[in-house]
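So the chains spell out like this:
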Amino acid sequence: MIYLVTGGSGSGKSEYAENLVMASGCPVRYYVATMTVYGEEGKAKVLRHQELRRGKGFITVECQADVGTALCGIRNSNQEKAILLLECVSNLAANEMFADGGEGQGNVSIDKLADKLLKDILCLASQVKDMVIVTNEVASDGIIYDSGTAGYIRLMGLVNSRLGACSHRVVEVVYGIPVVWKG
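Just so you know, these numbers come straight off a predicted model, no measurement behind them. (Residues numbered from 1 in each chain as written. Predicted model: local features only at pLDDT ≥ 70, side-chain atom pairs only at ≥ 80, totals over all residues. Heavy atoms only, no water.)

## Digging into the sheet that holds strand 4 (residues 82–87)
Keep this limit in mind: Strand pairing requires that DSSP identify at least two bridges connecting the strands. Note on conventions: DSSP H or I runs of at least 4 residues are helices, E runs of at least 2 residues are strands, and numbering of each starts at the N terminus. Angles shown run from 0 to 180 degrees and are taken between the N-to-C directions of axes, each axis being a line fitted to C-alpha atoms and, for helices, limited to the stretch in contact. Only heavy atoms enter the contact rule, under which two residues are in contact if any of them lie within 4.5 Å.
Spatially, seven strands are ordered 3-2-4-5-1-6-7 in an open sheet, and the strand pairing comes out mixed. Two strands bound the open sheet, and with one partner strand each, they are strand 3 (58–62) and strand 7 (177–182). Sheet twist, expressed as the average angle between the axes of neighbouring strands with direction ignored, equals 20°. Both strand 1 (residues 2–7) and strand 6 (residues 169–174) contribute to a ladder of five bridges, which runs parallel. Looking at strand 6, one finds that Leu4 is bridged to Val170. Strands in contact with helix 5 (residues 147–166) are strand 1, strand 5 (130–134), strand 6 and strand 7; relative to strand 1, the strand with the most contacts, it is inclined by about 145°.

## Examining the packing of helix 3 (residues 89–97) against helix 5
Put simply, the test is: Any angle that is under 35 degrees is reported as roughly parallel, and any over 145 degrees as roughly antiparallel; angles of 65 to 115 degrees are reported as roughly perpendicular and all others as oblique. In this scheme the handedness of a crossing depends on how the near helix is turned from the far one: anticlockwise by less than a right angle means left-handed, clockwise means right-handed. Each residue is assigned to one of three groups, with Ala, Val, Leu, Ile, Met, Phe, Trp, Tyr, Cys and Pro labelled nonpolar, Asp, Glu, Lys and Arg labelled charged, and all others, Gly among them, labelled polar.
Contact geometry for helix 3 and helix 5: axes closest at 10 Å, N-to-C directions at 130°. Between helix 3 and helix 5, the interaxial angle falls into the category oblique. Our pair here, helix 3 against helix 5, has a crossing hand that is right-handed. Here Val89, Ser90, Ala93, Ala94 and Met97 of helix 3 lie close against helix 5, whose contacting residues are Gly148, Gly151, Tyr152, Leu155, Met156, Val159, Asn160 and Leu163. For the contact of helix 3 with helix 5, the per-class residue count stands at nine nonpolar, four polar and no charged.

## Notes on the state of the cysteines
To keep things clear, this is the line we draw: Defined by distance alone, a disulfide is two cysteine sulfur atoms within 2.5 Å. Under the scheme applied here, a residue whose accessible area is under 20% of the maximum for its type counts as buried, over 50% as exposed, and between as partly exposed, the area being computed with a 1.4 Å probe on protein chains only.
This structure, assessed with the given rule, holds zero disulfides. Between Cys123, a cysteine without a disulfide, and Cys72, which holds the nearest cysteine sulfur, the sulfur-to-sulfur distance is 7.6 Å. We classify Cys123 as partly exposed; its relative accessible area is 34%.

## A closer look at the layout of surface pockets
Quick reminder of the rule: Residues are said to line a cavity or pocket when one of their atoms sits within 4 Å of a point; the points come from a 1 Å grid over protein atoms alone, cavities being sets where a 1.4 Å probe fits but cannot get out and pockets being open sets with protein on both sides within 12 Å along at least five of seven lines. Grid points are joined across faces, edges and corners, and a volume is the space filled by probe spheres set on the points.
When its volume is computed, the largest pocket comes out at roughly 620 Å³. Along the walls of the largest pocket sit 28 residues, with Lys45, His49, Glu87, Cys88 and Asn91 positioned nearest its centre. At seven residues, helix 2 (residues 39–53) tops the list of elements feeding residues into the lining of the largest pocket. Broken down by class, the residue content of the lining of the largest pocket amounts to nine nonpolar, eleven polar and eight charged.

Structure (structure tokens):
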């Protein structure tokens, strides 16, 4: 089963997603962290998330790109009973889109990059019993951005809508309150 959890920054979506994992009863819990850490604010965010997971039995895997390969070499005899928390798609998309430190995805179109991200995420989902995917709502502020940021927002819209279509359950967390949109 695939769960998609979305919401704005600071909405409580990570805590909600972790609670889904803990309630699943799956004995093996993977946490695939996609954030590339920049600066003190990034370090603080990572430490906060690590503290939230402490003592919950997560096997943490750092994977900033090509997440379909995140579990390579980590096979567990209980893999068919495993659940995976992917945190989060917005970091993953930014990592892949701006990989060369440039202003965008280079020669790869936004549509092709969205296809690649979806393929990688679904590949990862096929390796476990259940998967909880955390993503962000990034397009609702109404601000007009430069072309690189506008491309990223478009990419996130494509990836989120495709993930929503593939997910069994879609939940938006608003001010800590889960709103079920699908399933």
